[in-house]
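# Examining the three-dimensional arrangement
Below are the chains, spelled out letter by letter.
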Amino acid sequence: MRQWVTVLGATGSIGISTLDVIARHPDRYQVYALTANTRVEALADLCRIHLPRYAVVGSEVAAERLLALLPGQDISVLVGESGCCEVAAAADVDAVMAAIVGAAGLNPTLAAARAGKKVLLANKEALVMAGGLFMDAIRDSGATLLPIDSEHNAIFQCLPPAPRGSLESAGVRGILLTASGGPLRQFTPSQMKTVSPAQAVAHPNWSMGQKISVDSATLMNKGLELIEACWLFDVDDSNIEVVVHPQSVIHSMVEYIDGSVLAQLGNPDMRTPIAYGLAWPERIDAGVSRLDIIATARLDFESPDEKKFPCLPLARQAWAAGGTASAVLNAANEIAVAEFLAGRLPFMGIPAVIEEVLVAATIEEPIDLAVIQAADGWARQQAARAALAYSVRFQAS
Ligand code: NAD
Ligand code: MG
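To start, this report covers the structure provided alongside it. Given the structure is predicted, the values throughout are model-derived calculations rather than measurements. (Residues numbered from 1 in each chain as written. Chains lettered and ligands numbered in written order. Predicted model: local features only at pLDDT ≥ 70, side-chain atom pairs only at ≥ 80, totals over all residues. Heavy atoms only, no water.)

### Considering the pairing of strand 4 (residues 76–79)
In the sheet, strand 3 (residues 54–57) pairs with strand 4 via four bridges, with the strands oriented parallel. Considered in strand 4, the bridge of Tyr54 is made with Ser76. Note on the crossover from strand 3 through helix 3 (residues 60–69) to strand 4: the handedness is right-handed. (Pairing = 2+ DSSP bridges. Helix = DSSP H or I, 4+ residues; strand = E, 2+ residues; numbered from the N terminus. Right-handed = clockwise from strand over helix to strand, strands pointing away.)

Put into structure tokens, the structure is as follows:
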């Protein structure tokens, strides 16, 4: 039986890689729905190749344009977040790739979780914002959650087959979460003051969307991943050590009480974790070139420089504060990164803005989505204001 797959965020970096793997296995997978926001031409190209039953775009205007680009094709076009939620939860769907970037992915990803789907989670921001609600939805619906983020996929591959919450009794001592260190790893503090958007998105090992590329440059990506790992594997951040490993060949490790450390290695290509998630517990060809261990020759490791990259300790702080603090952290980061990419906020303004917002936030118990969305909205407003003030101060100095 072929599995029906919905790809949320089909036009993005993860979406394209997912469709590449799916196209290699027409005997296993068929595309149920593809979603995009504004890139209608790119989505139309994907619809011609993958022949989904549904496509979802961000606006009515975009929907009309998409239909005009697909004359004669048997496809239904839906609009906006409600459309994304519909194709994530539809009865015929077996698996959902959650690859919308940022908070915009929360509701569609949650819809897939509530509908009991196999959820392939790339959209880490959903878990950072609403980890408790999200994990409850997975448990209550009997959904299967498979981490696609390369580090979490590696950890998942190295963990023992123990029930949630019992890693310690299964002999796990801790998790080593690897980080490439990003494009600015060797920048001096004074070079950090003048980082341009082009420098920040020039990741040495991975080709990714713009937002996660900036997150990799600030190390906020590792901070978000730390929180993601705490929710996914039901561990505390004290059990997770962040290790900078510039070659990005080891994608993370699990340490056991007997002294064993298991690592997952491979070329840095997201099609490996995507294929693992799609086929789990089986293995399929992902189109990824073999790891040449001789050419790799050496693997380096160092501790992260938390002074130079304050976003990492800020994420730890948010996790320790609990409640809506992680949602505040995520929202402030999304605004600060967007302002930086638009050329309105200097690079070091990103952690400064996040810290200011986090310090001012009233942390609430995230009892429902409304509380989380209120915290998210408040943090976005505060971050926009703080970013403007920072830029004015920066220009005056
Ligand atoms: P991207 O920017 O390349 O693509 C984002 C996708 O989301 C696009 O299809 C876009 O149309 C859609 N989108 C954006 N805003 C939207 C909105 N408001 N409503 C609906 N759709 C919207 O991003 P990416 O690099 O593919 O990353 C996607 C997610 O996967 C992120 O959460 C990221 O952290 C995570 N992730 C990515 C990688 C990677 O290698 N790219 C690795 C690990 C995790
Ligand atoms: Mg990652």
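Now, onward.
### Section: the coordination of the magnesium ion (ligand 2)
Protein coordination at the magnesium ion (ligand 2) comes from Asp149 (OD), Glu151 (OE) and Glu225 (OE), with a distance range of 2.1 to 2.2 Å. Look at where the donors of the magnesium ion (ligand 2) fall in the sequence and you get D-x1-E-x73-E. With Glu151 in helix 7 (residues 150–158) and Glu225 in helix 11 (residues 220–233), this pair connects stretches of sequence that are 74 residues apart. (Donors = N, O, S within 2.8 Å, 3.2 Å for Na, K, Ca; no water.)

### A short note on the sheet that holds strand 8 (residues 172–179)
Spatially, four strands are ordered 9-8-10-11 in an open sheet, and the strand pairing comes out mixed. Each edge of the open sheet is held by one strand with a lone partner, namely strand 9 (240–244) and strand 11 (261–265). Sheet twist, expressed as the mean angle between neighbouring strand axes with direction ignored, is 20 degrees. Pairing analysis gives four bridges linking strand 10 (residues 250–256) to strand 11, with the strands arranged antiparallel. Residue pairing across strands places Met253 opposite Ala263, the latter belonging to strand 11. Contacting strand 8 and strand 9, helix 11 runs over the sheet at an angle of about 150 degrees to strand 8. (Axes fitted to C-alpha atoms, helices over the stretch in contact; angles between N-to-C directions. Contact = heavy atoms within 4.5 Å.)

### A few points about the packing of helix 16 (residues 349–360) against helix 17 (residues 369–396)
Packing of helix 16 against helix 17 leaves a shortest axis separation of 9 Å and a crossing angle of 130 degrees. The orientation of helix 16 relative to helix 17 falls into the category oblique. Both helix 16 and helix 17 take part in a crossing whose hand is right-handed. Of the residues in helix 17, those in contact with Gly349, Ala352, Val353, Glu356, Val357 and Ala360 of helix 16 are Trp378, Ala379, Gln382, Ala383, Arg385, Ala386, Ala387 and Tyr390. (Parallel < 35°, antiparallel > 145°, perpendicular 65-115°, else oblique. Left-handed = near helix turned anticlockwise from the far one by under 90°.)

### Some remarks on the pattern of salt bridges
Tallied over the full model, the rule gives 23 salt bridges. Salt-bridge contacts for Glu225 lead to Lys124; the nearest nitrogen and oxygen are separated by 2.9 Å. Of this pair, Glu225 sits in helix 11 while Lys124 is found in helix 6 (residues 124–141), placing the two residues 101 residues apart along the sequence. Residues Glu225 and Lys124 agree in their burial class; the two are buried. For Arg271, the salt bridge goes to Asp269, with nearest N and O atoms at 2.8 Å. Asp269 gets classed as buried once you look at its relative accessible area, which sits at 18%. (Salt bridge = Lys/Arg side-chain N within 4 Å of Asp/Glu carboxyl O. Buried < 20%, exposed > 50% of the residue type's maximum accessible area, 1.4 Å probe, protein only.)

### Details of the site of ligand 1
Every one of the 21 residues lining ligand 1 counts as a neighbour, but Thr11, Ser13, Ile14, Glu125 and Gly209 are closest to it. The separation between an oxygen atom of ligand 1 and a polar main-chain atom of Gly9 is 3.2 Å. Contacts to ligand 1 include Gly209, whose backbone N or O atom sits 2.8 Å from an oxygen atom. Burial of ligand 1 by the protein chains amounts to 84% of its free accessible area of 830 Å². When its residues are assigned to classes, the shell around ligand 1 shows 11 nonpolar, seven polar and three charged. (Near = heavy atom within 4 Å. Polar contact = N/O pair within 3.5 Å; in protein donor to acceptor, adjacent residues only side chain to side chain. Areas by Shrake-Rupley, 256 points an atom, 1.4 Å probe, with all protein chains shown as cover. Nonpolar A, V, L, I, M, F, W, Y, C, P; charged D, E, K, R; others polar.)

### Description of the pairing of strand 2 (residues 29–35)
For strand 2, a buried count of seven out of seven residues is recorded, marking the element as mostly surrounded by other parts of the structure. Bridge analysis of strand 1 (residues 3–8) against strand 2 gives five bridges, and the strand direction is parallel. Directly across from Val7, in strand 2, lies its bridge partner Leu34. In this fold, the crossover linking strand 1 to strand 2 by way of helix 1 (residues 13–23) has right-handed handedness. Here three bridges tie strand 2 to strand 3, and the two strands are oriented parallel to one another.

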